[in-house]
Amino acid sequence: REPLGELLLETDHRRRGTLVHRVLAEFHRRLPELLGRQTNLSAHDAAKFTAEFSNVLEALVRATPHTGVEAALVELDRRQIAKWGPRYHAEHGKYDAAWPLAPTYLEWRFGPPRSDETDHEDPRSTSQPFVLDLGSENIKITGRIDRIDVGQSAGRSVFNVIDYKSGRRPSLSPEKIASGEQLQPALYVMAAQALLFEGDQATPLWAGYWSLANGVT
């Protein structure tokens with residue numbers, strides 16, 4: 001008999017990322033009801049904020065039981081994500097100081113749904129894709145935006161687009177956008193403006209990445 005290979009407990013970044021996205025979406029859906037409606041989320045007591053973050057995480061982990069090695073890996077994910085709760089509150093303080101907007105659309109899909117993407121999505125999602133008009137051709141783009149924050153500035157609706165990352169945040173610069181290396185945030189803004197806000201009903205202020213490990217970029 002061939003000896004069994006060494007058992008490795010390695011992080012499945014896709015599984016962890018999926019759980020992070022679900023936790024954050026459910027957390028922000030429940031937060032106004034449980035802690036009161038405030039645009040400045042970091043104004044909530046840090047202990048209550050972190051406790052609710054942990055409650056949502058625990059509930060989602062329990063909702064899908066696992067056994068054996070898979071259960072051990074999920075528990076490792078749960079512990080790592082739980083550590084991000086206090087840090088997320090602190091990072092929200094920095095974000096709130098710059099952008100007094102409220103999380104409004106969570107896991108908003110545009111384009112036909114995939115079989116594994118129907119859970120936890122925003123009820124205002126649309127099966128209509130975003131059509132990018134290049135003059136000589138039209139390109140249909142589909143996607144799912146993690147979070148869209150909405151607020152008011154000078155009597156006009158404004159919004160931010162946030163893409164969560166469970167690992168290190170990608171670097172984002174005008175040069176990378178111009179070269180086509182980092183088009184996702186710009187395309188997400190265009191899709192939201194065209195399909196969700198119907199063109200000129202809201203003005204984009206900012207779009208970028210929010211790493212649970214490193215904060216906003």
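Up top is the structure these notes are about.
Residues numbered from 1 in each chain as written. Predicted model: local features only at pLDDT ≥ 70, side-chain atom pairs only at ≥ 80, totals over all residues. Heavy atoms only, no water.

Trainee: What should I look at first to understand the sheet that holds strand 5 (residues 156-165) in this one?
Mentor: Strand pairing in a sheet takes place through backbone hydrogen bonds and is either antiparallel or parallel in direction. In spatial order, the strands read 1-4-5-6-7; together these five strands make up an open sheet with mixed pairing. One side of each edge strand has no neighbouring strand; the edge strands of this open sheet are strand 1 (102-110) and strand 7 (215-216). Running at roughly 155 degrees to strand 6 (residues 203-211), helix 3 (residues 68-98) makes contact with strand 4 (143-153), strand 5, strand 6 and strand 7 of the sheet. (Pairing = 2+ DSSP bridges. Helix = DSSP H or I, 4+ residues; strand = E, 2+ residues; numbered from the N terminus. Contact = heavy atoms within 4.5 Å. Axes fitted to C-alpha atoms, helices over the stretch in contact; angles between N-to-C directions.)

Trainee: Mind showing me how you'd approach the pairing of strand 5 here?
Mentor: The side chains of a regular strand alternate between the sheet's two faces. Most of strand 5 sits inside the fold, with seven of its 10 residues counted as buried. Pairing geometry for strand 4 and strand 5, over seven bridges, is antiparallel. Within strand 5, the position partnered with Gly151 by the bridge is Val158. Linkage of strand 4 to strand 5, two consecutive antiparallel strands, is achieved through a turn of two residues, within which Ala154 is found at a positive phi near 55 degrees. (Buried < 20%, exposed > 50% of the residue type's maximum accessible area, 1.4 Å probe, protein only.)

Trainee: Explain the packing of aromatic side chains here, please?
Mentor: What characterises a pair of aromatic rings is the spacing of the ring centres plus the angle enclosed by the ring planes. For the structure shown, the criterion picks out 13 aromatic pairs. On the numbers, 5.6 Å between centres and 75 degrees between planes, the contact of Phe27 with Phe53 is edge-to-face. Placement of Phe27 in helix 1 (residues 13-35) and of Phe53 in helix 2 (residues 46-63) is noted, with a sequence separation of 26 residues between them. Taken individually, Phe27 and Phe53 each receive the classification buried, so the pair is uniform in this respect. (Phe/Tyr/Trp six-rings, centres within 6.5 Å; stacked < 30°, edge-to-face > 60°.)

Trainee: What is the right way to look at helix 5 (residues 184-196) in this model?
Mentor: Side chains three or four residues apart in an α-helix point the same way, a direct result of the helix having 3.6 residues per turn. Taking 1.5 Å of rise per residue, 13 residues should cover 18 Å, and helix 5 covers 17 Å from first to last C-alpha, within 8% of that figure. Among all positions in helix 5, only Pro185, Tyr188, Val189, Ala191, Ala192 and Leu196 are buried. All buried residues of helix 5 project into a common sector of 165 degrees when viewed along the axis, lining one side. The secondary structure elements touched by the buried residues of helix 5 are strand 1, strand 2 (130-133), strand 4, strand 5 and strand 6. (Expected span 1.5 Å × (residues − 1). Arc of directions from axis to C-beta.)

Read these as spatial facts, not as claims about activity.
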